[in-house]
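# Structure at a glance
Next come the chains, spelled out residue by residue.
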Amino acid sequence: MSRTEPQARRRPQSSALSGVPMSELLASCAAAAAVSTPPRAPEPEARGPLREHREAA
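The structure reproduced in this document is the subject of the present report. Only a predicted model underlies this, so the values are computations on that prediction, with no experimental measurement involved.

### What to know about the overall build of the protein chain
Looking only at helices and strands, the protein chain has one helix and zero strands in total. Taken over 57 residues, the protein chain has a buried fraction of 0%.

Shown next as structure tokens:
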């Protein structure tokens, strides 16, 4: 390209790639989510007598 062409016509140079494979990027995101997510609260225990199963007609 010549220097006389306006800058709007020039293709912007893409930034250099990081060189990290997509699989490693996705794995790191999954690991970060697993570490930062708090554990689930325990299920409340059933209290009182359980209903008995009814026989089918």
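Alright, that's what it looks like, and here's the rest.
### Considering a nonpolar patch on the surface
Taken together, V20, M22, L25 and L26 make up a surface patch of nonpolar side chains, about 390 Å² in accessible area. Structurally, L26 can be placed in helix α1 (residues 22-36). Looking at L26, the relative accessible area reads 52%, which means it is exposed.

### What about the pattern of salt bridges?
For the coordinates displayed, the defined rule picks out one salt bridge. R40 is the salt-bridge partner of E43, the closest N and O atoms lying 3.8 Å from each other. For the pair E43 and R40, one class covers both residues: exposed.

The rules behind the values
- Residues numbered from 1 in each chain as written.
- Predicted model: local features only at pLDDT ≥ 70, side-chain atom pairs only at ≥ 80, totals over all residues.
- Heavy atoms only, no water.
- Helix = DSSP H or I, 4+ residues; strand = E, 2+ residues; numbered from the N terminus.
- Buried < 20%, exposed > 50% of the residue type's maximum accessible area, 1.4 Å probe, protein only.
- Patch = residues over 30% accessible without salt bridge, like charges linked within 9 Å, V, L, I, M, F, W, Y side chains within 5 Å.
- Areas by Shrake-Rupley, 256 points an atom, 1.4 Å probe, with all protein chains shown as cover.
- Salt bridge = Lys/Arg side-chain N within 4 Å of Asp/Glu carboxyl O.

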